[in-house]
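Close look at the chain arrangement
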Amino acid sequence: MPAPAAAPLIVASTSFRPRPQRRVGPRVGGRSLVGDGMGASCSTSGATSAAAPDVITTAAGQKFKRIPPAEDGGKIVVALGKFDAMHRGHAELARQASKMGEPILMSFGGMAEVLGWEEKLPVVAPGDRARVLEMWKAACEGKTVREHVIPFADIRRMSPEEFVSTLKDIGVGGVVAGANYRFGFKAAGTADTLKDLGEKLGVDVSIVDLLPANEPGDEGVYPAGYENTPQVSSTRVRACLDAGDVEQAARLLGRNHSLVLRMAGAGGDGRFPTSTATNQYPAIGRYAAIVVGADGGRTPTTAEVTDREIVLEGWGETNGGNDDANVCVEFVGPAADA
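What comes next concerns the included structure. (Residues numbered from 1 in each chain as written. Predicted model: local features only at pLDDT ≥ 70, side-chain atom pairs only at ≥ 80, totals over all residues. Heavy atoms only, no water.)

**Observations concerning the nonpolar core**
The test is simple: In this description, a nonpolar core means a group of buried Ala, Val, Leu, Ile, Met, Phe, Trp, Tyr and Cys residues linked to one another through side-chain atoms lying within 4.5 Å. To sort residues, take the accessible area from a 1.4 Å probe on protein chains only and compare it with the maximum for the residue type: under 20% means buried, over 50% means exposed, and anything in between is partly exposed. In this analysis, two residues are considered to be in contact whenever any of their non-hydrogen atoms come within 4.5 Å of each other.
Formed by 48 residues in total, the largest nonpolar core has its most connected members in L105, W136, L259, L312, V327, V329 and F331. With residues near it in sequence (within four places) discarded, W136 still touches M86, H87, H90, A91, A94 and L105. Among the nonpolar cores identified, the runner-up in size contains 28 residues, and I76, L80, L167 and L194 belong to it.

In structure tokens:
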């Protein structure tokens, strides 16, 4: 599907060879913290608001920040999920939440540390998330979609009812989730549980059907164990990037996959060590790509991904002494010579 015009990015084409990608950079609230390329730091750990939210204490003595009220006095509606890839399914959750009130993506930080999972680079660079949310705005009735992160360690042992009750206590009036959403201790709660508890506790609940991922020719790329559930998912997006299939990844995302590279540590000849990547890059190979400048200018290039570096051919800008500068690259498809 055609990708909408975007903020500064680079696009590259693909080749096929997965390899592990570890997260880099300091972490805040379970997510990496990086420069956004526009002179600001970007963290998605917590709601954004001019006023500091109140703190509520649960019956068990846990403290949580209350979500600031909607500017129009309406209902706060949270979409529940991990939101790593910010794909079409996530956009649909946000759209449904916007129909019910003020939309907020609610995720749970630090799951990898708590559950002992291997740390990975995120699919979407932390500094690029605001741009993606802005792209969703038109489909969300012109409403700004915010993010709110709760530490996973604080809710992991809650029963399903305790969890929904806590959401209500922090100011949530509505909840949106996918049909396969699980919650509560040991994932005891299902989408049906969520609807029942919403009715019991006075929280509006909307369950959204999963979006099918497959188009003709897609059947060959599946994450392990997902062969019988080919829905749009962050896991599926990662599998496509690991296979170098950036075109299928774009269909799942609803936009080209964007890679944000830190200028600090990069060579002046368009060579970026893989350690400068702030999010997942595709498999080893050559890609048709677009470098998006800070001024919005878009420069076509060929991007070559190796096991050590990402090379933007013919692109030789330096950081001008600004170590906080970033380069954004959109991956469009295979390079013409690939």
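Here the narrative resumes, following the displayed structure.
**Overview of the sheet that holds strand β10 (residues 146-151)**
Keep this limit in mind: Only strands that DSSP links by at least two bridges are regarded as paired with each other. To qualify as a helix, a DSSP run of H or I must reach at least 4 residues; to qualify as a strand, a run of E must reach at least 2; elements of each kind are numbered from the N terminus. Convention adopted: a line fitted to C-alpha atoms gives each axis, helices being fitted over their contacting stretch, and angles between N-to-C directions are expressed from 0 to 180 degrees.
Taken in spatial order, the five strands of this open sheet run β10-β9-β8-β11-β12, and their pairing is parallel. Each having just a single partner strand, β10 and β12 (204-208) make up the two edges of the open sheet. Direction aside, neighbouring strands of the sheet carry axes that sit 25° apart on average. Here strand β11 (residues 174-178) runs beside β12; their pairing, made up of five bridges, is parallel. The residue bridging V175 from the neighbouring strand is V205, located in β12. Against the sheet, helix α1 (residues 88-100) touches β8 (76-80), β9 (102-109), β11 and β12, its axis set at about 160° to β11.

**Looking at helix α8 (residues 246-253)**
Within α8, seven of the eight residues are buried, which leaves it mostly tucked inside the rest of the structure. Residues of α8 that are buried include every one of V246, Q248, A249, A250, R251, L252 and L253, and no others.

**As for the packing of aromatic side chains**
Aromatic rings in a pair are described by how distant their centres are and how their planes are angled relative to each other. Quick reminder of the rule: In this scheme Phe, Tyr and Trp rings, the latter by its six-membered ring, pair at centre separations within 6.5 Å, and the angle between planes marks the pair as stacked below 30 degrees, edge-to-face above 60, and tilted otherwise.
Summed over the entire model, instances satisfying the criterion amount to five aromatic pairs. Between the aromatic rings of Y181 and F183, the centroid separation amounts to 6.1 Å while the plane-to-plane angle is 15°, which identifies the pairing as stacked. Residue classification places Y181 among the buried residues on the basis of a relative accessible area of 14%. The buried category is assigned to F183, whose relative accessible area is 4%. Among the aromatic residues, those joined into a cluster by ring pairs are F108, F163, Y181 and F183.

**A word on the packing of helix α7 (residues 234-243) against α8**
Operational definition: In these notes the angle categories are as follows: under 35 degrees is roughly parallel, over 145 is roughly antiparallel, 65 to 115 is roughly perpendicular, and the rest is oblique. Should the near helix be turned anticlockwise from the far one by less than a right angle, the crossing is left-handed, and should it be turned clockwise, the crossing is right-handed. Gly falls in the polar group here, along with every residue not listed as nonpolar (Ala, Val, Leu, Ile, Met, Phe, Trp, Tyr, Cys, Pro) or charged (Asp, Glu, Lys, Arg).
Contact pair α7 / α8: the axes reach a minimum separation of 8 Å and the direction vectors enclose 160°. When the axis of α7 is compared with that of α8, the two are roughly antiparallel. Crossing of α7 over α8 shows left-handed handedness. Counting all contacts with α7, which are made through R236, V237, C240 and L241, the residues of α8 involved are V246, Q248, A249, L252 and L253. Residues of the contact of α7 with α8, tallied by class, amount to seven nonpolar, one polar and one charged.

**Description of a nonpolar patch on the surface**
Selection rule: Two joining distances apply to patches: 9 Å for like charges and 5 Å for nonpolar side chains (Val, Leu, Ile, Met, Phe, Trp, Tyr), and every residue must have over 30% relative accessible area and no salt bridge. Shrake-Rupley sampling with a 1.4 Å probe provides the accessible areas, and residues are treated as covered by the protein chains on show and by no other component. Note on definitions: salt bridges are taken to be side-chain nitrogens of Lys or Arg within 4 Å of carboxyl oxygens of Asp or Glu.
Nonpolar side chains collect at one region of the surface, where V114, L115 and W117 lie side by side and expose about 240 Å² of accessible area between them. When you line up the elements, L115 lands in helix α2 (residues 111-115).

**Focus: the packing of helix α5 (residues 160-169) against helix α6 (residues 191-201)**
Interhelical geometry of α5 versus α6 gives an angle of 50° and a closest axis separation of 10 Å. Judged by the inter-axis angle, α5 sits oblique to α6. Judged by the sense of rotation from one axis to the other, the crossing of α5 with α6 is right-handed. When α5 is examined against α6, the residues P160, E161, V164, S165 and K168 are found in contact with a partner set consisting of T193, L194, L197, K200 and L201. Residue classes in the contact of α5 with α6 are distributed as five nonpolar, two polar and three charged.

**A few points about the side chain of T274**
Among the structural elements, T274 can be located in the loop between β14 (271-273) and β15 (285-292). For T274, a relative accessible area of 18% translates into the label buried. Beyond its immediate sequence surroundings of up to four residues, T274 is in contact with Y281, T306, D307, R308, E309 and I310.

**Details of α6**
Which entries qualify depends on this criterion: Directions are taken from the helix axis to each C-beta atom, and the arc is the one they span.
For α6, the full list of buried residues reads A191, L194, L197, G198 and L201. Down the axis, α6 shows its buried residues gathered within 120° of arc, on one side only. Along α6, exposed side chains directed more than 90 degrees from the buried face belong to D196, E199 and K200. The inward-facing, buried residues of α6 abut β8, α5, β11 and β12. Just beyond α6, the residue with positive phi is G202, at close to 80°.

**A few points about the pairing of strand β18 (residues 326-334)**
Remember that side chains alternate between the two faces of the sheet whenever the strand is regular. Among the nine residues of β18, seven are classified as buried, and the element is accordingly described as predominantly covered. Strand direction decides the pairing type here: strand β13 (residues 257-262) and β18, joined by six bridges, are antiparallel. Its bridge partner lying in β18, H257 is registered against F331. Bridging between β15 and β18 involves six bridges; their strand directions are antiparallel. Note that in β18 the partner of A289 across the bridge is F331.

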